[in-house]
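Below, each chain spelled out in residue letters.
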Amino acid sequence: MNQFDMDILIEKVSDNLGATWPLYSFVTSNPLCGYESKHFLDATEEAGHLMGARMYPEANVFKKALENGDIDLKELQGLLKEKGYIKAPEYYLEIMEKETSNTKVNDNYFLNQYMVKWLSSFMDEGLAEWEIPYKSRGFYQAWRKLAPYDDSLGKFPLKKIPQTSQKALEVVLKDCSEEEVLEIFTNHLAALPGWAGYIKHRSLNLPNWQKDAPINLKDYLAVRLWVTKKLGYPLFTKSGKNKKESQRMELGYLWLMAWEKTWQKQLVETLKKSDIETKNSPYSFPDAQLVFCIDTRSELIRRHVESKGNYETFGYAGFFGIAMDYQNPKNGILQKACPPIVNSSYVVSEEAKPDMSTFKSSLDHKIQVRNFWNYFLKRLKNMLPSTFGFVEGSGFVYGINLIARTLFPKSTYRWKQKDENSYEEICSPHLLYAHTNEPQKGSISLSEKVVIVKSAFDLMGWRHFAPIVVFAGHGSHSANNPFGSSLDCGACAATPGRHNARMLAKLANEKEVRSILLKQHDLIIPETTVFIGAEHNTTTDEILLFDSDAPRTHLKALSDLKANLKKAQRSAAQERLGSKGNSVSLAQLNASNWGETRPEWGLAKNASFFIGPRKMTQNHNLNGRCFLHSYDWKTDKDGKSLEAIMQGPMIVTQWINNHYYFSTVDNDAFGAGTKTTHNITGKFGVVQGNGGDLKRGLPWESLYEEKDNPYHPPLRLTVVINAPLKRVNKILDRNESIKSLVTNEWLHLIIMDPETKSETLWAPSQLAFNKEKNKEIHKSLTSNTYEEVSV
């Protein structure tokens, strides 16, 4: 088999491999994204068999949902009967309770540990004090040079190892057919999906690390398969599918459908009631308008902000429509700050405001000195000559620091937050084209600025502007939390959204931009309207305004707004934490306590994405279960705004939802296990204990209240769109990838048509299972059309 054929086969197999994101930008994505071209049941059956993983909630979780009324009994009985299951639901619960463990016995434990040892050493990104030699030559060549000195495989000369990864694969696979090679590759990538997923992510998205230490799946498979043959292990073992396991999968799928349909009916009835209550109410011009991310945590704070004054809130994707990277002045690192599915077009850096250059230079120097001392102290702790003496001499000082952080975490938190926003006070964000180092050529054109601002208003259906408009990105604060970035803004590639919010506010304040919007697009922004960037801290519910440039005419209104935002913080924290006392103090404790395993719940409980006007959701407590994107179908005549929402934010929310779903149903396979036994490896990931696979999902504490009692109900995403059915139909016809997600049931789609006053659940025309012909389950789905089913 030649090199071209081998590369083609590896690429084909890797399509089913989900990416593992690093801790510093831990994007929540679908671990089965490679299976999205298949129906959900087919995909879960295939992936579950391959990985030995659970794909549906356990029987006791379904049982509790049925007892609590979260699963409607009639709905469940109807679905079961439709597929030929005529006995009582309790009977099928017993079948699922008797479920044999799907976890495979790991016959390749030593092989996995061997690979983990070499991968963690080679892929280290600064945690290890001593680097592995030959990193610049690539993973296979570095391993080949050093493997003879590793006694794990016994002694053997260097010449026994093929000179290239291609030759190694040819030697190992010389007697295998193409079909067997595909199966071998598939099984060996599935053996360590976390590490293999990170190799895939790094080779595609981290060019700097690839330049210093190149690695790809071909190198990984070459080393693994050569070692497999050296150890005398079989390259792969075939195992047939269990018919009883297929039946349990089918039952789990039906119970899940009943749970989701029950939720859908409750949600639609809530939205219909809200629409009836508010459709005739006149528009009240607000004192201020606040735009929050579509994140489910925004649902809580939006309700409380609206209740504290004459304020109007909107929902918009948290990167605020700017496909940018952010140049962090505190560490010099270029961070992606837009959805992972979007290529970055711009770079945003901090530029000193007029008369603030001296202050910025002073702050830059202060940061440099602090970074140097942090690096110097780390070197003293890690270098052999100074380790023992440094520990003995500095123990007292470190002891005081430990006591302060343990006994007075809130005070420590407030002290650290004092300098957190220094750059925002003396700098303004500066937007340049990406991939250029020449400022004059890099500055973006006026027309592009107009497009960015207009797109934001178009997607939200914006008509009126208050004197104060706040764009609030969001971020999370926590201590000693390797998964801290997973609590930041998913639309900003797991970084805080404050920089995007500040950038959009600056563009919207520019007189030239407003002039073009008025002359060419008939969009009137009053001269008295000022746009302000802000950050919503999801751990403490604080909303911080970056208003140092606000005109003096708005100071009184801003003072009133800040006072009301403080009130909203207190009431929101009380509701979220269930505390009637000093809820803000408790929230700050959660953010600063380095022993806190659950600083906040993140996006747990997410179950739906609503695209429509705020009036349909603002009268009800949705319990943080819905992503909310503002949209007005009347202002979107050609449907382009809705199409953009479905192409971007809807896909991101589906990723998030699937990530939470699979991390909940099998936390060992798709999540990260408990935080109490985590070990950070290479600065980019965690493993359980002293080795094993790289964890690719969320920790147990982010999903469960206690054993066998998930806080997050594992449901697939239900998207509800308030728009004419014909409009959505045309969008689906133009976007086959979106249509496939609905057809294959990776998400559900409900259309609330405001013209016909009807609700439509889109579903494949054939959902029937052929229980006698398991091999042909859903075979006809590839050519399915849509049918309209009344909710």
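Because the structure is a prediction, the values reported are computed rather than measured. (Residues numbered from 1 in each chain as written. Predicted model: local features only at pLDDT ≥ 70, side-chain atom pairs only at ≥ 80, totals over all residues. Heavy atoms only, no water.)

1. Regarding the nonpolar core
Then, number 1: Within the largest apolar cluster, 141 residues are counted, with the highest numbers of intra-cluster contacts made by Trp255, Phe471 and Ile721.
Then, number 2: Ranked by residues supplied to this core, first place goes to helix α13 (residues 243-278) with 13 residues.
Then, number 3: Residue contacts for Ile721: discarding those within four places in its chain leaves Ile611, Leu642, Met646, Val728, Leu749, Ile750, Ile751 and Met752.
Then, number 4: Among the nonpolar cores identified, the runner-up in size contains 52 residues, and Val116, Leu153, Leu189 and Ile199 belong to it. (Core = buried A, V, L, I, M, F, W, Y, C linked by side-chain atoms within 4.5 Å. Buried < 20%, exposed > 50% of the residue type's maximum accessible area, 1.4 Å probe, protein only. Helix = DSSP H or I, 4+ residues; strand = E, 2+ residues; numbered from the N terminus. Contact = heavy atoms within 4.5 Å.)

2. Observations concerning the sheet that holds strand β7 (residues 468-475)
Then, number 1: Strand order in the open sheet made by the five strands is β2-β1-β7-β8-β9, with mixed pairing throughout. The two strands at the open ends of the sheet, each matched to only one other strand, are β2 (311-316) and β9 (543-546). Neighbour-to-neighbour, the strand axes of the sheet open up by a mean angle of 25°, direction not taken into account.
Then, number 2: In terms of strand pairing, strand β1 (residues 288-293) meets β2 through six bridges, oriented parallel. (Pairing = 2+ DSSP bridges. Axes fitted to C-alpha atoms, helices over the stretch in contact; angles between N-to-C directions.)

3. With respect to unusual backbone geometry
Then, number 1: The backbone phi angle of Asp522 is positive, close to 55°, even though this residue is not glycine.
Then, number 2: Along the chain, Asp522 turns up in the loop between α22 (511-521) and β8 (530-537).

4. Focus on the sheet that holds strand β5 (residues 346-352)
Then, number 1: The strand order β4-β3-β5-β6 describes an open sheet built from four strands, whose pairing is mixed. One side of each edge strand has no neighbouring strand; the edge strands of this open sheet are β4 (334-336) and β6 (427-433). With strand direction ignored, the average angle separating the axes of adjacent strands in the sheet is 35°.
Then, number 2: Sitting on the sheet, helix α21 (residues 498-509) is in contact with β3 (324-327), β5 and β6, with an inclination near 85° to β6.

5. Some words on the pattern of salt bridges
Then, number 1: Taken as a whole and judged by the stated rule, the model has 30 salt bridges.
Then, number 2: Asp150 serves as the salt-bridge partner of Lys117, at 2.8 Å between the closest nitrogen and oxygen. Of this pair, Lys117 sits in helix α6 (residues 109-122) while Asp150 is found in the loop between α7 (139-146) and α8 (165-172), placing the two residues 33 residues apart along the sequence.
Then, number 3: A salt bridge links Glu125 to Arg202, with the shortest nitrogen-to-oxygen separation between them at 3.5 Å. Of this pair, Glu125 sits in the loop between α6 and α7 while Arg202 sits in helix α10 (residues 193-205), and the two are 77 residues apart along the sequence.
Then, number 4: Using a relative accessible area of 0% as the deciding quantity, one classes Arg202 as buried.
Then, number 5: What emerges from the salt-bridge pattern is a single network uniting Glu260, Arg716 and Glu745. (Salt bridge = Lys/Arg side-chain N within 4 Å of Asp/Glu carboxyl O.)

6. Some words on the packing of α6 against helix α12 (residues 217-231)
Then, number 1: Where α6 contacts α12, the axes come no closer than 11 Å and their chain directions differ by 140°. If you check the angle between α6 and α12, you find them oblique. Relative to α12, α6 is oriented so that their crossing is right-handed. Only Tyr220, Val223, Arg224, Val227, Thr228 and Leu231 of α12 make contact with α6, whose side of the interface consists of Phe110, Leu111, Asn112, Tyr114, Met115 and Leu119. (Parallel < 35°, antiparallel > 145°, perpendicular 65-115°, else oblique. Left-handed = near helix turned anticlockwise from the far one by under 90°.)

7. Brief notes about α10
Then, number 1: An ideal rise of 1.5 Å per residue puts 18 Å on 13 residues; α10 measures up with 18 Å between its terminal C-alpha atoms.
Then, number 2: Looking at α10, one finds that the buried residues are Pro193, Gly194, Trp195, Ala196, Gly197, Tyr198, Ile199, Lys200, His201 and Arg202. (Expected span 1.5 Å × (residues − 1).)

8. Looking at the side chain of His201
Then, number 1: When you line up the elements, His201 lands in helix α10.
Then, number 2: According to the relative accessible area criterion, His201 is buried, its value standing at 3%.
Then, number 3: Ignoring any residue separated from it by four or fewer positions in sequence, one finds His201 in contact with Ala19, Thr20, Trp21, Pro22 and Leu206.

9. So, the pairing of β7
Then, number 1: Taking burial as the measure, the eight residues of β7 include eight buried ones, the bulk of the element.
Then, number 2: Residues Ile468, Val470, Ala472 and His474 of β7 are buried on one face, and the alternating residues Val469, Phe471, Gly473 and Gly475, pointing to the opposite face, are buried as well.
Then, number 3: Bridge analysis of β1 against β7 gives five bridges, and the strand direction is parallel. The residue bridging Gln289 from the neighbouring strand is Val469, located in β7.
Then, number 4: Alignment of β7 against β8, held across eight bridges, turns out to be parallel. Across the sheet, residue Gly475 finds its bridge partner in β8, namely Asn537.

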